Amino acid sequence: QHKDAYQAILDGVKGGAKEKRLAAQFIPKFFKHFPDLADSAINAQLDLCEDEDVSIRRQAIKELPQFATGDNLPRVADILTQLLQSDDSAEFNLVNNALLSIFKMDAKGTLGGLFSQILQGEDIVRERAIKFLSTKLKTLPEEVMTKEVEEFILAESKKVLEDVTGEEFVLFMKILSGLKSLQTVSGRQQLVELVAEQADLEQTFNPSDPDCVDRLLQCTRQAVPLFSKNVHSTKFVTYFCEHVLPNLSALTTPVEGLDIQLEVLKLLAEMSSFCGDMEKLESNLKKLFDKLLEYMPLPPEEAENGENAGSEEPKLQFSYVECLLYSFHQLGRKLPDFLTAKLNAEKLKDFKIRLQYFARGLQVYIRQLRLALQGKTGEALKTEENKIKVVALKITNNINVLIKDLFHIPPSYKSTVTLSWKPVQKADASQKRASEDTTSSSPPKKASAGPKRDARQIYNPPSGKYSSNLGSFSYEQRGGFRGGRGRGWGGRGNRSRGRIY
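Residue indices follow the written sequence of each chain, beginning from 1 at its first position. In keeping with the model being predicted, local features are shown solely for residues with a pLDDT of at least 70 and side-chain atom pairs are shown and tallied solely at 80 or more, while totals for entire chains, interfaces and linings include all residues. Each side-chain value is worked out from all heavy atoms of the structure, with water and hydrogens disregarded.

- An unreviewed UniProt entry lists the protein chain under the name API5 inhibitor, with Turnix velox given as the organism.
- UniProt positions are given in the numbering used here, feature names are shortened, and annotations may be inferred rather than shown by experiment. For the protein chain, the Sequence similarities (unreviewed entry) comment in UniProt is given as "Belongs to the API5 family."
- One UniProt comment on the protein chain, placed under Subcellular location (unreviewed entry), says "Nucleus".

What follows is the structure, given as structure tokens:
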């Protein structure tokens, strides 16, 4: 009966500042009484949300949740999602709060609005909507985040993941791995399959294409925290052995200053502990063995007078050897007679000579490091140089343990070591997942024992017969697609532009 009066309030949005302020308050206040004018009312409020006067805009946005009733809710969620592009911080916070409040009324309806914009909206809206999901979902109570809601998030995320940039992919993995229903073994298995799909492990690997390499590394970094003794890394380990290791020296990366070869070997080492039954185990173990030999030099030949005929000693690349030896040791457990039955006697003898030479150099270096660190505690160990020496000692000790195992007759695969960049655990490190890996929704961090990438140094031990190069320590934290959108992985096709209220 007061329809005309309400229509007059709606017309107030065309008036001056005072009329607009009144309209911003009264349109939502009486909205539920005039269902016939619902569309006009929402459109009028929407005009106020885009007013030039910031105080009117804020008032209008603050009241938007009052329109979120029944079938109108997804539309309001869609509008609020588009309003996330605001650069006014107070306005942006109001939009966030409004979205959270309608989330509590109807999570699925709100998600419908958010995902429709992620799939079809402007780039800035898409970016901010994904960020909203990655930061706010974990704050919502369990009664809001029901199993049904989580299943909806997974289904919609799969649609988005068909065409994402690397950065978006990392955020979606953070969103999905934080869902309660995906904390189970089968849930983690589902996530690993999603990552494998994204990594496109069926495609031919192109080591000279930085985007192809970067995509594989990004995906593998997301998969590593998901692996366990129940969720196997076999598909990834197989791909690395068959396609990446043979092309190790040809790898290119868009990331300046990153030792890409070491990065790949570290990922392989981390995954090797959780590899299940592998189809071509012997052939892949052979590829791993051949790559290991490249970094395990033969002793230099001695001239007749007993001096070295060669001009200099071979460099011992400890960081690379730690990763390769560890991976070989892990996979070797599955085929313990590889060194004795699958290699001919000549090859085994050659390997033993290399191991022995490396072990001798190792002992000298371990003594040098222990001497350098002797008596140093607390603050003294926190200097950059000493941090590097501490890590170097971990690496060399690990290699030492693994070499001793392989010297057994027959070779043994029983020892366990914690990789030098991983936090030390009291439990059996190579068999049990780190507790933080089970719960963390973000990728694991590498040891912070070394300098950051831009200030990285290589520690050169005192020169001498076994002087060696430690290799570049890459202590970057995992994750994060470096570079802008639209590169290789990122061009997302021509999605529609413009406001879709």
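After presenting the structure, the write-up continues.
1. Topic: the overall build of the protein chain
So, point 1. Summing up its helical and strand segments, the protein chain has 20 helices and 0 strands in all.
So, point 2. Only protein chains enter the area calculation, which uses a 1.4 Å probe; residues under 20% of their type maximum are buried, those over 50% are exposed, and those in between are partly exposed. Taking all 501 residues of the protein chain together, 51% fall into the buried category.
So, point 3. The contact criterion used throughout is that any non-hydrogen atoms of two residues lie within 4.5 Å. By sequence separation, contacts in the protein chain at least 24 residues apart represent 74% of the contacts at least 6 residues apart.
So, point 4. Only the protein chains shown count as cover for residues, and all accessible areas are computed by the Shrake-Rupley method using a 1.4 Å probe. For the protein chain, the exposed area adds up to about 23200 Å²; of that, 49% sits on carbon and sulfur atoms. Here a helix means four or more residues in a row that DSSP labels H or I, a strand means two or more in a row labelled E, and each is numbered from the N terminus.

2. Examining the nonpolar core
So, point 1. One finds I27, L80, F236, F328 and L339 to be the most contacted residues of the largest nonpolar core, which totals 147 residues.
So, point 2. Sorting elements by how many residues they give to this core places helix α18 (residues 345-373) first, with 11 residues.
So, point 3. If we skip the residues at most four places from it in the chain, I27 touches Y6, I9, L10, V13, A41, A44, Q45, L48 and F67. Side-chain atoms within 4.5 Å link the members of a nonpolar core, which is a set of buried Ala, Val, Leu, Ile, Met, Phe, Trp, Tyr and Cys residues.

3. Quick notes on the packing of aromatic side chains
So, point 1. The aromatic pairing rule takes the rings of Phe, Tyr and Trp, using the six-membered ring of Trp, and pairs them if the centres are within 6.5 Å, calling planes under 30 degrees apart stacked, those over 60 edge-to-face and the rest tilted. A complete count under the given rule lists 13 aromatic pairs for this structure.
So, point 2. Note on Y6 and F34: the rings are 4.5 Å apart at their centroids and 15° apart in plane angle, and the pair reads as stacked. Linking Y6 in helix α1 (residues 3-11) with F34 in the loop between α2 (17-30) and α3 (38-49), this pair joins segments that are 28 residues apart in sequence.
So, point 3. Between F318 and Y365, the aromatic rings sit 5.0 Å apart at their centres with planes inclined by 20°, giving stacked as the arrangement. Separated by 47 residues along the polypeptide, F318 in helix α16 (residues 318-332) and Y365 in helix α18 bring together distant segments of the chain. A single burial state applies to F318 and to Y365, both of which are buried.
So, point 4. Every member of this aromatic cluster is reached through a ring pair, and the members are F289, F328, F338 and F351.

4. Here's the deal with the packing of helix α5 (residues 72-83) against helix α7 (residues 107-120)
So, point 1. Interaxial angles span 0 to 180 degrees and are taken between N-to-C directions of axes, which are lines fitted to C-alpha atoms, for helices over the stretch in contact. Packing of α5 against α7 leaves a shortest axis separation of 7 Å and a crossing angle of 45°. Judged by the angle between their axes, α5 and α7 are oblique. Where α5 crosses over α7, the handedness of that crossing is right-handed. Residue-level contacts link L73, P74, A77, D78, T81 and Q82 of α5 to G109, T110, G113, L114, S116 and Q117 of α7.
So, point 2. In this classification, the charged set is Asp, Glu, Lys and Arg, the nonpolar set is Ala, Val, Leu, Ile, Met, Phe, Trp, Tyr, Cys and Pro, and all remaining amino acids, among them Gly, are polar. Taken together, the residues of the contact of α5 with α7 break down into 4 nonpolar, 7 polar and 1 charged. When an angle is under 35 degrees it counts as roughly parallel; over 145 it counts as roughly antiparallel; between 65 and 115 it counts as roughly perpendicular; any other value is oblique. In this scheme the crossing of two helices becomes right-handed for a clockwise turn of the near helix relative to the far one and left-handed for an anticlockwise turn of less than a right angle.

5. Here's the deal with the confidence of the model for the protein chain
So, point 1. Taken residue by residue, the protein chain gives an average pLDDT of 82. The fraction at 70 or more is 82%.
So, point 2. Long-range and interchain partners of residues 427-488, a stretch whose pLDDT sits below 50, account for 150 contacts in this model, where long-range means more than four residues apart. The predictor reports its confidence for every residue as pLDDT, a score running from 0 up to 100.

6. So, the environment of C323
So, point 1. Of note, C323 is situated in helix α16.
So, point 2. Its relative accessible area of 1% is what places C323 among the buried residues.
So, point 3. Separated by 51 residues in sequence, C323 and S272 place their C-alpha atoms 9.9 Å apart.
So, point 4. For C323, the contacting residues outside a window of four places in its chain are L262, L265, K266, A269 and W421.

7. Focus on the pattern of salt bridges
So, point 1. The term salt bridge refers to a side-chain nitrogen of Lys or Arg lying within 4 Å of a carboxyl oxygen of Asp or Glu. For the structure on display, the rule yields 19 salt bridges.
So, point 2. In this structure, D88 engages R58 in a salt bridge whose closest nitrogen and oxygen atoms are separated by 3.0 Å. Placement of the pair is D88 in the loop between α5 and α6 (89-105) and R58 in helix α4 (residues 54-63), with a sequence separation of 30 residues.
So, point 3. You can call D88 partly exposed: its relative accessible area is 22%.
So, point 4. Across the salt bridge formed by E270 and K422, the nearest N and O atoms sit 3.2 Å from each other. Placement of the pair is E270 in helix α14 (residues 260-272) and K422 in the loop between α19 (384-407) and α20 (435-439), with a sequence separation of 152 residues. Taken individually, E270 and K422 each receive the classification buried, so the pair is uniform in this respect.

8. Brief notes about unusual backbone geometry
So, point 1. Here the bond from I409 into P410 is cis, since omega is -10°, no more than 30 degrees from zero.
So, point 2. Tracing the backbone through its elements, the reader meets P410 in the loop between α19 and α20.
So, point 3. Of note, D200 is a non-glycine position whose phi angle comes to about 55°, a positive value.
So, point 4. Assignment of secondary structure puts D200 in the loop between α11 (185-199) and α12 (210-223).

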